Amino acid sequence: MLNWKEVLETTFGLFYVMTEGLDHDGSAQKTRVSIFLVLIDMGQVLRTITNAQYGWSPDSSDAMAWVDIVFVITELLEKVIPRIVFFLVAVVLIIGALADTFYVARIFKHGNVRNMLPVKILRLLVGAIVTTLFTTVLEWVLYPMECLLENEFATKGHTHTDHSNPGHKSLSELLHGEMAPCQPFATPEIAVTLSTILITVVYIAYSLITMLLAFEINPLSRNPWAHSTGRVECLWTALKVAAAILPYLSEFLSSIVVSIALLALSLYLLWAHLTYMPFHDLSTNVVRGGVYGAV
């Protein structure tokens, strides 16, 4: 029978061990690295919120894409590496993070914390797929349905698809041959698509829970009004999810409605950050505030 108290204690121990010492390293080099990672994160968000599906012109959307260094690197790699490889990498990273989380929780529950390698791997995975590269990994996971967006772009006279480039072939093209129509919910694509949707939901939930608990584990993460400061980072994650997912609903929602929703969420995020100041480092709070204001 599941003991809720044991679950809470195990979770507390897991995140305490995983985040131990991270807030106390205030070296200049650590600060510079943190700021660089935040800017990489911001570039991905700026690229997604200036999607042509939101009413931006194709030229503006293409220009903003180049502020995302991860996108630039991915575009270069796709000249020789098929897009599906990135999809498989994303799936492996997500499943690996989940498996490592349960493993670390298990060894902590049994008091075996001498081997810190799984904890270090978990820190690296969380830092990569939950924070810095969340937007890109989410897009990689959605690869089986990505051709739906490309079809929508094509109807507007603009497409990123290059059928001569193996990196831009859709799942339907890989299974049925070049120039095959986009049918992610046909057979046999539907098996991959449904699995992708499940992995995406789990990934988003894992990211939100991890982000919240990483702040909750620190007693200083609550201000005198007892408002959780972890909610700010959860709002940032929610904005990234909305920016990446809403283009798939462009057939049902107008670009004005979506843009207003993203603007409202961005303004609320900025207000929440200025109100709660979630980080225990001034420079991080300043940079984060600047990023949220820019977005």
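Bear in mind the structure is a predicted one, so any value in this text is a computation, not a measurement.

A.B. asks: If you had to explain empty space enclosed by the protein to someone new, which residues and values would you point to?
C.D. replies: Inspection of every chain in the model, using the stated rule, returns 1 cavity of 30 Å³ or more. Every residue lining the largest cavity is listed: Thr31, Ser34, Ile35, Val38, Ser283, Thr284 and Val287. Going through the elements one at a time, α2 (28-49) and α13 (282-294) are the ones with two or more residues in the lining of the largest cavity. Broken down by element, the lining of the largest cavity gets its largest block of residues, 4 residues, from α2.

A.B. asks: Explain the packing of aromatic side chains to me, using residue names and the numbers behind them.
C.D. replies: Within the structure shown, the criterion is met by 6 aromatic pairs. Ring centres of Trp66 and Phe71 lie 5.8 Å apart, and the angle between their planes is 75°; on these two criteria the pair is classed as edge-to-face. Assessed through its relative accessible area of 53%, Trp66 is described here as exposed. The interplanar angle of 40° and the centroid separation of 5.9 Å between the aromatic rings of Phe87 and Tyr143 together place this pair among those described as tilted. Taken together, the residues Phe87 in helix α5 (residues 83-109) and Tyr143 in helix α8 (residues 143-155) connect sequence positions 56 residues apart.

A.B. asks: Describe in detail the side chain of Asn285, supporting the description with residues and values.
C.D. replies: By secondary structure assignment, the location of Asn285 is in helix α13. Excluding anything up to four places from it in sequence, Asn285 contacts His273, Met277, Pro278 and Phe279.

A.B. asks: So, helix α7 (residues 134-141): which residues are in play, and what are the values?
C.D. replies: Most of α7 sits inside the fold, with 8 of its 8 residues counted as buried. Inspection of α7 places Phe134, Thr135, Thr136, Val137, Leu138, Glu139, Trp140 and Val141 among the buried residues, and these make up the whole buried set.

A.B. asks: Let's hear about the environment of Phe215: which residues, and what values?
C.D. replies: Relative to the assigned elements, Phe215 resides in helix α10 (residues 189-216). Put simply, Phe215 and Gly230 are 15 residues apart on the chain and 5.0 Å apart in space, counted from C-alpha to C-alpha.

A.B. asks: So what's going on with the confidence of the model for the chain? Which residues, and what values?
C.D. replies: Taken over all residues, the pLDDT of the chain has a mean of 80, while the share at 70 or more is 79%. Here helix α1 (residues 4-19) stands out as the least confident element of the chain, with mean pLDDT 63; α7 is the most confident, with 95. Scored below 50 in pLDDT, residues 156-164 shows 18 contacts in the model against residues more than four places distant or in partner chains.

A.B. asks: Lay out unusual backbone geometry in plain terms, naming residues and giving numbers.
C.D. replies: Look at the link from Thr187 to Pro188: it is a cis peptide, with omega at 5°. Within the secondary structure layout, Pro188 lies in the loop between α9 (171-176) and α10.

A.B. asks: Which residues make up the environment of Ala261, and what values do they have?
C.D. replies: Tracing the chain through its elements places Ala261 in helix α12 (residues 255-276). When its relative accessible area of 43% is taken as the criterion, Ala261 is described as partly exposed. With 19 residues separating them along the chain, Ala261 and Ala242 place their C-alpha atoms 9.2 Å apart.

Rules used throughout
- Residues numbered from 1 in each chain as written.
- Predicted model: local features only at pLDDT ≥ 70, side-chain atom pairs only at ≥ 80, totals over all residues.
- Heavy atoms only, no water.
- 1 Å grid on protein atoms, 1.4 Å probe; cavity = no way out; pocket = protein on both sides within 12 Å on 5 of 7 lines; lining within 4 Å.
- Points joined across faces, edges and corners; volume = space filled by probe spheres on them.
- Helix = DSSP H or I, 4+ residues; strand = E, 2+ residues; numbered from the N terminus.
- Phe/Tyr/Trp six-rings, centres within 6.5 Å; stacked < 30°, edge-to-face > 60°.
- Buried < 20%, exposed > 50% of the residue type's maximum accessible area, 1.4 Å probe, protein only.
- Contact = heavy atoms within 4.5 Å.
- pLDDT = per-residue confidence, 0-100.

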